[in-house]
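Structural description and commentary
Here is what each chain is made of, one letter per residue.
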Amino acid sequence: MKNLLTSSIAMFVILLGFTSCNNGNKSGSKSGALASNIAEKVYVAPGEYDSHYAFLSGGYSGNVTVYGLPSGRMFKEIPVFSQFPTSGYGYSEETKPMLNTSYGFIPWGDAHHPDISQSKGELDGRWLFINENNTPRIARLSLTTFETEEIIEVPNSAGNHSSSFVTENTEYVVAGTRFSVPIPQRDMPIKDYKGNFQGALSFISVAPETGNMDIKFQVLMPGFNYDLSHPGRGKSHGWFFFTTYNTEEANTLLEVNASQNDKDFIAAINWKKIEEYVNNGGGTMMPANYAHNVYDEHTHTATSTMKKEVRVVNPIEVPGAVYFIPTPKSPHGCDVDPSGEYIVGNGKLSANLTVHSFTKMLDAIENKKFAGEAYGIPILNFEDVLAGVVEQPGLGPLHTEFDGKGNAYTTFFISSEVVKWKLGTWEVVDRKPTYYSVGHLTIPGGNSGKPQGKYMFAMNKITKDRYLPTGPEMEHSAQLYDISGDKMELLLDFPTHGEPHYAAAMEAGIIKAQSQKIYKLADNKHPYAAKSDADTKVVRDGKNVHIYLTTIRSHFSPDNIEGIKVGDKVYFHVTNLEQDFDVPHGFAVIGQNNSELLVMPGQTKTSVWEPKQVGVWPFYCTDFCSALHQEMQGYVRVSAANSDTPIKWSLGEDIE
Amino acid sequence: MKKASIIMIIGSLLLLGLFKFPLWNIMLGAPQYPDPLGMNIYIDGIKGVSEFDLQNIDGLNHYIGMKTIPKADEMWEFSMFPKVIFGMAMLGVIIGLLGYFGKVSYKYFLGWFLFMSVLGILGMYDFNNWLVDYGGNLDPHAIIKVTNPDGTPMSYKPPLIGFKKLLNFDVTSLPHTGGYLMFVGMSLTLVAFWLGRKTSLNKKT
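This next bit is on the overall build of chain A. In terms of helices and strands, chain A carries seven helices and 45 strands. Overall, chain A is about 90 × 75 × 50 Å in size when its C-alpha atoms are taken along their principal axes. Relative to its 656 residues, chain A shows a buried fraction of 57%. When the accessible area of chain A is evaluated, it comes to approximately 26,300 Å², of which 55% is carbon and sulfur surface. Charge centroids of chain A, computed over 55 positive and 74 negative side chains, lie 2 Å from each other.

Structure (structure tokens):
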């Protein structure tokens, strides 16, 4: 077969050699009317692959959705901060700890900005990070298994919005607070906000091998709102930039009261300097209470550990580490170009786009040219740092991405468009309507030194759909553009799930090659795994009954279970013995109060069932697994609480 | 004759490739298996092309009542074949050496080839018998029973060589690296015979 394969590939290559000449001619003739055949540009034929992965945040759905580009097909929904009955995530005993926080079990989340890990400023496709806004958390997903592997809660933080962007070697992922709060939290009058609240910017270190996260330090900043952020790169590597709003420190009717200052700030943080300070023992340990949840791929089980302190740094104690750059009118996006020189501050109430120069910033700092200070932090002069202004490009600028060819693309929420402009000359080159009110936009490789500027997609906030109507509630939408030419070209509308804020995307190669197809049964270290039918058993431990259950096409083992009593807590530990790609088995039992399970090949998952009634109750496989899926079922006999029915189990014969 | 003898020795030694490379390969592909399942048949046992292929083939085959793919110790062939192949390779080398020193005539080369061919044919016959049994001797309690148009139970015997469609699977059975090395080796012994004959005829004239 292999030989057939090689010879047929050789044949194919030869044929290709002949036909490609023809193609060359054809494409030449396509410059006419056929050149506008847009459908062809997004068509991915059956059996062929998309060229890019896109990971969209699910907003209030608390998850991440995986899309293919250019087709706009959705491949997967990965639960992160929310329970997910499809797989049992957040319901199974193994994954419940993932949603543990200092506020207890939180079954939902508001996911915002995904970012892919980087090495030397390029996307390496190992992990995806994403922040949760409401209960401040950062999650790390494996891009091998496409599962959530770790979630760390962020203390002293509220509205974890200016997250989760990574530095160019994934040294840190940041979690910047949107809302400033009393630190530590205490009972105090809200009107005393000004001067008393603080904003924590957290730098979470990422272990290079495992990806494990740890809050290295928090910078306790003045009580502004910290909106978005981006790392420096290249020449500005070692710095992090955060936009602020409400520098007025108003505490009520912010729509008016936080829009009074002509300029707010971009906070420039020299994290290398603070890191050095911390490594030399700087900062103070502060009592805290936050959850660190880690999923172990070998035990298929998550553990939640409560951490009791966090290192905080007062920026004034690290001179030269933190500066404020004045930026017009409530800047939202804060985007750094691939070279690391330009920092774009999108003042969402400003008519112009402001671009700062990193080099000029360093000059101003060196010459100590300060306009003043805020809470002891030096404020630079707007004019000293300004690189240029894009004049009147549109209304309501939000976010900017770069194509790696010297162009920037900015979304305009109010005028609903994407505007392409040139770095350095600041002239507008092209603009395209988005038809919806656009929020973020993504270019694959966006937050890196090497954008892959073929596609750009805009994610829309207020959708009056251009699809068939689905009642008052509908999904949001995205629009895909080809940006490989001089002018942007709208290729596709595609619906998205939840409210995608930001997305991270990259060429498919690395991720596709490393994608895992099964869990090896031999590596399964789950304490309740049954690795063969011989290991299956039912064990009573007081009121708890542990059922070691296996699944394989097309039966459960055991499939007849007796001796369960009303009032027992029954743990179904289901191990899927399959070692074949895409053969999960499901598990459900009547009266199950939590969720079904979906167990991947080689994996063990546990569901608790508390039988309330005497009877003989069926369980079955919920995922169509084979021609005999419908026969994949079993019975549990539940006896009265005071009965003496002994524990028994069997498969293939009657219970003796 | 010296050249012929060396070729004879090389040809015989190529048989030893069977100790490293599979003799035969059977691949099972289907639309729902974008990565086809496959088994490599070595002289001392059967291995999956990918780690879990055998397990998965067995899993599929249980629907139609086929036996599981035999382990090495379940078939006498897998302990016998290595001995035969090693023996034949050594025999070839010895004949080649004797030829080199002029102790035996080139005709022994052909003798070896014919003997090896007979063994090969017996091996193929045995292999085919196994395939017939494997594909036809089905569990009467099989979940799925498919009959031929004439009412006889369908056989799932993979092809001895070439391609066959078995239900939804495309089955391709072809020699693999070890097998090709053996064929090349055997051909070389024929070349050795022909060379030896030529030299000997030249000498006579």
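Resuming the write-up.
Moving on, we come to the overall build of chain B. Broken down by element type, chain B carries five helices and five strands. Going from N to C terminus, chain B has its helices and strands arranged as α-β-β-β-α-α-α-β-β-α. In summary, chain B has a C-alpha radius of gyration of 21 Å against a globular reference of 17 Å for 205 residues, an excess of more than 25%. Here the C-alpha coordinates of chain B stretch approximately 70 × 35 × 30 Å along the principal axes. Counting only residues that meet the buried cut, chain B has 45% of its 205 residues in that class. Taking all contacts inside chain B whose residues are at least 6 apart in sequence as the whole, residues at least 24 apart take part in 67%.

This next bit is on helix α3 (residues 77–100) of chain B. Residue and element names in this part refer to chain B. Relative to the 34 Å expected for 24 residues at 1.5 Å per residue, α3 spans 34 Å between its end C-alpha atoms, a close match to the ideal helical length. When we look at burial in α3, the residues that qualify are Glu77, Phe78, Pro82, Ile85, Met88, Ala89, Gly92, Val93, Ile95, Gly96 and Gly99. Of the surrounding secondary structure, the elements contacted by the buried residues of α3 are α1 (2–13), β2 (33–42), β3 (45–48) and α4 (107–136). Looking one or two residues past α3, Gly102 carries a phi angle of roughly 70 degrees, positive in sign.

To continue, consider the pairing of strand β16 (residues 263–270) of chain A. Residue and element names in this part refer to chain A. Of all eight residues in β16, seven are buried, a share of seventy percent or more. Summarising the sheet, strand β15 (residues 239–245) and β16 pair through five bridges and their orientation is antiparallel. Bridge pairing in β16 places Phe242 opposite Ala267. The pairing of β16 with strand β19 (residues 322–328) spans seven bridges and is antiparallel. Across the sheet, residue Asp264 finds its bridge partner in β19, namely Thr327.

Next up on the list: the side chain of Thr410 of chain A. Tracing the backbone shows Thr410 of chain A in strand β27 (residues 407–412). When near neighbours in sequence (up to four residues on either side) are disregarded, Thr410 of chain A contacts Asn346, Leu353, Pro397, Leu398, His399, Thr400, Glu417, Val418, Val419 and Trp421 of chain A.

Turning to empty space enclosed by the protein, a few remarks are in order. All names here are of chain A. In this structure the tally under the stated criterion is three cavities of 30 Å³ or more. Estimated volume of the largest cavity: approximately 70 Å³. Lining the largest cavity are 14 residues; nearest its centre among them are Asp115, Gly446, Asn447, Ala504 and Ala505. Contributing elements (two or more residues each) for the lining of the largest cavity: β6 (115–119) and β34 (503–507). Roughly 50 Å³ of volume is contained in the second largest cavity. Elements represented by at least two residues in the lining of the second largest cavity include exactly β14 (225–231), β20 (331–336), β26 (397–402) and β30 (437–442). Considered class by class, the residues forming the lining of the second largest cavity number five nonpolar, six polar and two charged.

Moving on, we get to the sheet that holds β34 of chain A. Residues and elements named next belong to chain A. Spatially, the four strands line up as an open sheet ordered β3-β2-β1-β34, and their pairing is antiparallel. Of all the strands in the sheet, the pair left with one neighbour each is β3 (74–79) and β34. Sheet twist, expressed as the mean angle between neighbouring strand axes with direction ignored, is 20 degrees. Bridging between strand β1 (residues 52–57) and β34 involves five bridges; their strand directions are antiparallel. Paired with Phe55 across the strands is Ala504, a residue of β34.

Attention now moves to the pairing of β14 of chain A. Residues and elements named next belong to chain A. With respect to burial, β14 is a largely interior element, seven of its seven residues being buried. Where β14 lies against β15, five bridges are found, and the strand directions are antiparallel. Opposite Tyr226, over in β15, you have Thr244 as the bridge partner.

Another point: a nonpolar patch on the surface. All names here are of chain B. Together, Ile6, Ile10, Leu97, Tyr100 and Phe101 give the surface a local cluster of nonpolar side chains, amounting to about 460 Å² of exposed area. Elements with a contribution of two residues or more to the nonpolar patch: α1 and α3. Position of Ile6 among the secondary structure elements: in helix α1. When its relative accessible area of 41% is taken as the criterion, Ile6 is described as partly exposed.

Before going further, it helps to examine the sheet that holds β30 of chain A. Residue and element names in this part refer to chain A. Pairing in this open sheet of four strands is antiparallel, and the strands run β30-β31-β32-β33 from one edge to the other. What marks the edges here is a single partner per strand, and that holds for β30 and β33 (489–496). Averaged over neighbouring strand pairs, the angle between their axes works out to 25 degrees when direction is ignored. Relative to β33, strand β32 (residues 476–482) runs antiparallel, the two sharing seven bridges. From the neighbouring strand, Asp482 faces β33, where its bridge partner is Glu489.

This part is about the interface of chain B and chain A. In this assembly, 17 residues from chain B lie in contact with 14 residues from chain A. In total, about 1,400 Å² of surface goes out of reach between chain B and chain A, with carbon and sulfur atoms giving 54% of it. Contact with chain A buries surface across chain B, with Phe52, Asn56 and Tyr63 of chain B losing the most and accounting together for 31% of the total. In this assembly, chain B and chain A are joined by two salt bridges. The salt bridge partner of Glu51 of chain B is Lys520 of chain A, with a shortest N-O separation of 2.8 Å. Where chain B packs against chain A, one counts six residue pairs in polar contact (both at pLDDT 80 or more). Every element with two or more residues in the side of chain B that touches chain A is listed here: β1 (24–30), β2, α2 (53–61) and β5 (169–175) of chain B.

This part takes up unusual backbone geometry. Residue and element names in this part refer to chain A. Cis rather than trans, the peptide bond between Ser163 and Ser164 has omega equal to -10 degrees. Of note, Ser164 is situated in strand β10 (residues 160–166). Cis geometry marks the peptide bond from Ile183 to Pro184; its omega dihedral reads -5 degrees. With respect to the helices, strands and loops of the structure, Pro184 is situated in the loop between β11 (172–177) and β12 (198–206).

Let us look at the environment of Gly125 of chain A. Residues and elements named next belong to chain A. Note on placement: Gly125 falls in strand β7 (residues 122–132). For the pair Gly125 and Ala505, spaced 380 residues apart in sequence, the C-alpha to C-alpha distance is 9.7 Å. In this view, Gly125 contacts Ile116, Ser117, Leu143, Met506, Ile511 and Gln514; residues no more than four positions away in its chain are not counted.

Attention now moves to the pattern of salt bridges. All names here are of chain A. Under the counting rule described, the total for this entry stands at 26 salt bridges over all chains. Between Lys307 and Asp214 there is a salt bridge; the shortest N-O distance is 3.1 Å. With Lys307 in strand β18 (residues 301–313) and Asp214 in strand β13 (residues 213–222), the pair connects residues that are 93 residues apart, well separated along the chain. Lys307 sits in the partly exposed class, given a relative accessible area of 23%. A salt bridge links Lys369 to Asp384; its shortest N-O distance comes to 3.7 Å. Residue Lys369 is found in the loop between α5 (358–366) and β23 (370–374), and its partner Asp384 is found in helix α6 (residues 382–385); the two are separated by 15 residues along the sequence. Owing to a relative accessible area of 40%, Lys369 belongs among the partly exposed residues under this scheme. Overlapping salt bridges bring together Lys41, Asp482 and Glu489 as one network.

Definitions and cut-offs
Residues numbered from 1 in each chain as written. Chains lettered and ligands numbered in written order. Predicted model: local features only at pLDDT ≥ 70, side-chain atom pairs only at ≥ 80, totals over all residues. Heavy atoms only, no water. Helix = DSSP H or I, 4+ residues; strand = E, 2+ residues; numbered from the N terminus. Buried < 20%, exposed > 50% of the residue type's maximum accessible area, 1.4 Å probe, protein only. Areas by Shrake-Rupley, 256 points an atom, 1.4 Å probe, with all protein chains shown as cover. Lys, Arg positive; Asp, Glu negative; His and termini not counted. Charge placed at Lys NZ, Arg CZ, Asp CG, Glu CD. Rg over C-alpha atoms; globule rule 2.2 N^0.38 Å. Contact = heavy atoms within 4.5 Å. Expected span 1.5 Å × (residues − 1). Pairing = 2+ DSSP bridges. 1 Å grid on protein atoms, 1.4 Å probe; cavity = no way out; pocket = protein on both sides within 12 Å on 5 of 7 lines; lining within 4 Å. Points joined across faces, edges and corners; volume = space filled by probe spheres on them. Nonpolar A, V, L, I, M, F, W, Y, C, P; charged D, E, K, R; others polar. Axes fitted to C-alpha atoms, helices over the stretch in contact; angles between N-to-C directions. Patch = residues over 30% accessible without salt bridge, like charges linked within 9 Å, V, L, I, M, F, W, Y side chains within 5 Å. Salt bridge = Lys/Arg side-chain N within 4 Å of Asp/Glu carboxyl O. Buried area = accessible area lost by both parts, 1.4 Å probe. Polar contact = N/O pair within 3.5 Å; in protein donor to acceptor, adjacent residues only side chain to side chain.

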